[in-house]
Amino acid sequence: MTGRTPRLGRLRRMAPDGRVSRPVEARGGKPRRRGTQPKVVALGGGMGLSASLAALRRITGDLTAVVTVADDGGSSGRLRDELGVLPPGDLRKALAALCGDDDWGQTWARVIQHRFQSQGEINGHAVGNLLIVALWEQLGDHVQALDLVGRLLGAHGRVLPMSAVPLELQALVKGHDPARPEDVDTVRGQATVALTPGEVQSVHLVPHDPPAVPEAVAAVLDADWVVLGPGSWFSSVMPHLLVPELLDALTETKARRVLSLNLAPQPGETDGFSPQRHVEVLGRHAPKLALDVVLADEAAVPDRDSLTDAAKRLGAAVELAPVARTDGTPRHDPELLAAAYDRIFRMHGRIGPWR
């Protein structure tokens, strides 16, 4: 394995046309100078984290994704059950989101997201999931393997799991069984929690005190900004607050903290939730965690005063900005979201060059 690493490192440096890849570029096409950009850590999972990363990589080259590892559905769930590994799916999506917009980056993004279609056992598996798990088995190191995949893709940032052990998400849900709408049941598994027809009251992890990946803790403590959300609130955002070492780092870091809200409630998991209720849920799960900014799409906030009050209770100001795609779907536009993050970093952060 030692002899293979330089080859993969070379792939990272060479673009498809044989040219050496260039540093991450700032808007306007000029390479960013080292030391003039914020260190940003983004936490979450699934498509919400991917949206945030696709925006953040446009404004900083010092970016780390810390990804939840509680997924138990689809290809990830099958690999987790069969091999006892961390679920790789959300890690794969984060890596794809960090790929550049050039031919090299977009080709690799499509490759690792590609799913096989067959009548056999490989049906539904994503190429990136298999690649990540293969490197975990070869290297025996989650972080080293993900760094290697990132080098291969030319990813504009680093991807880390929040914990090195597979986690089970459990939730207390009122009305999970429609025949018993007032009963509160324990619902097990991220895939089941995400689709529950009931009202999620709270979530917890099994094991209850999972160890955090040390590199993830270090990244949070060293960050200038930490971004939490958007994403599936109970199954992708809240789990980070349930890892004690990671929550301690989020509480103790000198970084400023942004909570990025969803554009719409998620069917099942947060049906009927207002923007302020999302903030209140976070406060209940991590009462000692203070925030600096709550970012929301201006068209998705019908009651600005209530959101402002909820944010103030966590120490945060509210920033409203148009961050949704213009096609009417509840998805973030990466350019608009990047502009919102950039404005927040400048308005609420340091004045002048970073570090």
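Model, not experiment: these values are computed from the prediction. Sequence order as written defines residue numbering, which begins from 1 separately in each chain. With the structure being a predicted model, the display of local features is reserved for residues of pLDDT at least 70 and the display and counting of side-chain atom pairs for 80 or more, all residues being used for whole-chain, interface and lining totals. By convention in this description, side-chain values take in all heavy atoms of the structure and omit both hydrogens and water.

Asker: Would you mind going over the overall build of the protein chain with me for this structure?
Answerer: Strands here mean DSSP runs of E at least two residues long; helices mean DSSP runs of H or I at least four residues long; both are numbered from the N terminus. The helix and strand tally for the protein chain stands at 14 helices and ten strands. Summary of the burial criterion: residues with accessible area below 20% of their type's maximum are buried, those above 50% are exposed, and those between are partly exposed, where the area comes from a 1.4 Å probe applied to protein chains only. Counting over 355 residues, the protein chain shows a buried share of 51%. In what follows, a contact means two residues having at least one pair of non-hydrogen atoms within 4.5 Å. Look at the contacts in the protein chain between residues 6 or more apart in sequence, and 69% of them connect residues 24 or more apart. A 1.4 Å probe and the Shrake-Rupley method give the accessible areas. Residues count as covered only by the protein chains that appear here. As displayed, the protein chain has an accessible area near 16,200 Å², and 51% of this comes from carbon and sulfur atoms.

Asker: Is there a simple way to think about helix α11 (residues 244-252) in this case?
Answerer: Listed in full, the buried residues belonging to α11 are Leu246, Ala249 and Leu250. Within α11, the buried residues cover an arc of 100 degrees as seen down the axis, which keeps them to one side. Check the buried side of α11 and you find it contacts β1 (40-44), β2 (63-67), α9 (214-222), β7 (225-228) and β8 (256-260). The arc in question is the one traced by the directions running from the helix axis out to the C-beta atoms.

Asker: Would you mind going over the sheet that holds strand β4 (residues 168-174) with me for this structure?
Answerer: Strand pairing is defined by DSSP finding a minimum of two bridges between the two strands. Read across the sheet, three strands follow the order β5-β4-β6 without closing on themselves; strand pairing throughout is antiparallel. The open sheet has two edge strands with one neighbour each: β5 (184-188) and β6 (199-206). Neighbour to neighbour, the strand axes of the sheet diverge by 25 degrees on average, direction disregarded. Geometry is summarised by axes, namely lines fitted to C-alpha atoms with helices restricted to the contacting stretch, and by angles between N-to-C directions that run from 0 to 180 degrees.

Asker: Sorry if this is basic, but what is going on with helix α3 (residues 74-83) here?
Answerer: An α-helix turns once every 3.6 residues. As a result, residues three or four positions apart point the same way. Within the span of α3, buried status applies to Ser75, Ser76, Gly77, Leu79 and Arg80. In this structure, the buried side of α3 is in contact with α4 (89-97), α6 (127-139) and β4.

Asker: Looking at this structure, how should I read unusual backbone geometry?
Answerer: Across residues other than glycine, the phi torsion is negative in most instances, and most of the peptide bonds are trans. The omega torsion of the bond from Val206 to Pro207 falls at 0 degrees, within 30 degrees of zero and hence cis. One can find Pro207 in the loop between β6 and α9. Of the consecutive residues Gly229 and Pro230, the connecting peptide bond is found in the cis state with omega at 0 degrees. You can see Pro230 is positioned in the loop between β7 and α10 (233-237).

Asker: Whenever I open this one, the packing of aromatic side chains confuses me. Can you help?
Answerer: What characterises a pair of aromatic rings is the spacing of the ring centres plus the angle enclosed by the ring planes. Geometry of aromatic contacts follows a simple scheme: Phe, Tyr and Trp rings, the Trp one being its six-membered ring, pair when their centres are within 6.5 Å, and the pair is stacked under 30 degrees between planes, edge-to-face over 60, tilted otherwise. A complete count under the given rule lists four aromatic pairs for this structure. Ring centres of Phe234 and Phe273 lie 6.0 Å apart, and the angle between their planes is 80 degrees; this geometry places the pair in the edge-to-face category. Remark: Phe273 occurs in the loop between β8 and α12 (275-285) and Phe234 occurs in helix α10; sequence separation between them is 39 residues. There is no split in this pair, since Phe234 and Phe273 are both buried. Taking the centre distance of 6.2 Å and the plane angle of 15 degrees together, the rings of Tyr341 and Phe345 count as stacked. Of the two residues, Tyr341 and Phe345 are both situated in helix α14 (residues 334-348); the distance of four residues between them amounts to about one turn of the helix. Each member of the pair, Tyr341 together with Phe345, is buried. Three or more aromatic residues link up through ring pairs in this structure, and these residues are Trp225, Tyr341 and Phe345.

Asker: I keep staring at the pairing of β7 and nothing clicks. Help me out?
Answerer: Within a regular beta strand, the side chains point alternately toward one face of the sheet and then the other, so they alternate between its two faces. Burial along β7 is two-sided: the face carrying Trp225 and Val227 and the face carrying Val226 and Leu228 are both buried. Both β1 and β7 contribute to a ladder of four bridges, which runs parallel. Residue pairing across strands places Ala42 opposite Val227, the latter belonging to β7. By the bridge criterion, four bridges tie β7 to β8 in an arrangement that is parallel. For Leu228, the partnering residue across the bridge sits in β8 and is Leu259.

Asker: Looking at this structure, how should I read the environment of Arg92?
Answerer: If you trace the backbone, Arg92 turns up in helix α4. Its relative accessible area of 3% is what places Arg92 among the buried residues. Residues Arg92 and Gln113 lie 21 residues apart in sequence; the distance between their C-alpha atoms is 7.5 Å. Non-local contacts of Arg92, meaning those with residues more than four positions away in its chain, are made with Ile112, Gln113, Arg115, Ala126, Gly128, Asn129 and Ile132. Here the side chain of Arg92 touches Asn129 through a polar contact of 2.7 Å, side chain to side chain. Nitrogen and oxygen atoms within 3.5 Å of one another constitute a polar contact, given that in protein one can donate a hydrogen and the other can accept it, and given that sequence-neighbouring residues count only through two side-chain atoms.

Asker: Before we go on, may I ask you to explain a negative patch on the surface in this structure?
Answerer: Patch members must show over 30% relative accessible area and no salt bridge, and they are joined within 9 Å when carrying like charges or within 5 Å when they are nonpolar side chains of Val, Leu, Ile, Met, Phe, Trp or Tyr. Whenever Lys or Arg places a side-chain nitrogen within 4 Å of a carboxyl oxygen from Asp or Glu, that contact is recorded as a salt bridge. When charges are counted, Lys and Arg contribute as positive and Asp and Glu as negative, whereas His and the chain ends are disregarded. Charge coordinates come from a single atom per side chain, which is NZ of Lys, CZ of Arg, CG of Asp or CD of Glu. On the surface, a cluster of negative charge is made up of Asp72, Asp81, Glu82 and Glu121. You can see Glu82 is positioned in helix α3.

Asker: Even after reading the chapter, I still don't get the confidence of the model for the protein chain, so can you show me in this structure?
Answerer: Segments scoring low in pLDDT should not have their predicted coordinates read at a detailed level. Model confidence for the protein chain is summarised by a mean pLDDT of 86, while 88% of its residues fall at 70 or above. Every residue in residues 1-34 scores below 50 in pLDDT, and together they form 43 contacts with partners more than four places removed in sequence or on other chains. Scored between 0 and 100, pLDDT is the confidence that the predictor attaches to each residue. A low-confidence stretch, residues 351-355 (pLDDT under 50), is modelled with 14 contacts involving residues beyond four sequence positions or located in other chains.

Asker: Any chance you could explain the pattern of salt bridges here in plain terms?
Answerer: One side chain can pair with another of opposite charge once the charged atoms of both are near each other. A full pass over the atoms with the stated rule returns 16 salt bridges. With its nearest N and O atoms 3.0 Å apart, the salt bridge here joins Arg58 to Glu335. One end of the pair, Arg58, is in the loop between α2 (46-56) and β2; the other, Glu335, is in helix α14, and 277 residues separate them in sequence. On the basis of relative accessible area, Arg58 is assigned to the buried category, the value being 16%. Residues joined by salt bridges that share partners form a network here, namely Arg57, Arg58, Asp101 and Glu335.

Asker: How should the sheet that holds β7 be read in this particular structure?
Answerer: Strand pairing within a sheet occurs via backbone hydrogen bonds; the two strands may be parallel or antiparallel. Across the sheet, which stays open at both edges, the seven strands sit in the order β3-β2-β1-β7-β8-β9-β10 with parallel pairing between neighbours. Sheet topology places β3 (158-161) and β10 (317-321) at the edges, where each strand pairs with a single neighbour. Taking each pair of neighbouring strands and ignoring which way they run, the sheet shows an average axis angle of 20 degrees. Of the pairings in the sheet, the one linking β8 to strand β9 (residues 293-297) comprises three bridges and is parallel in character.

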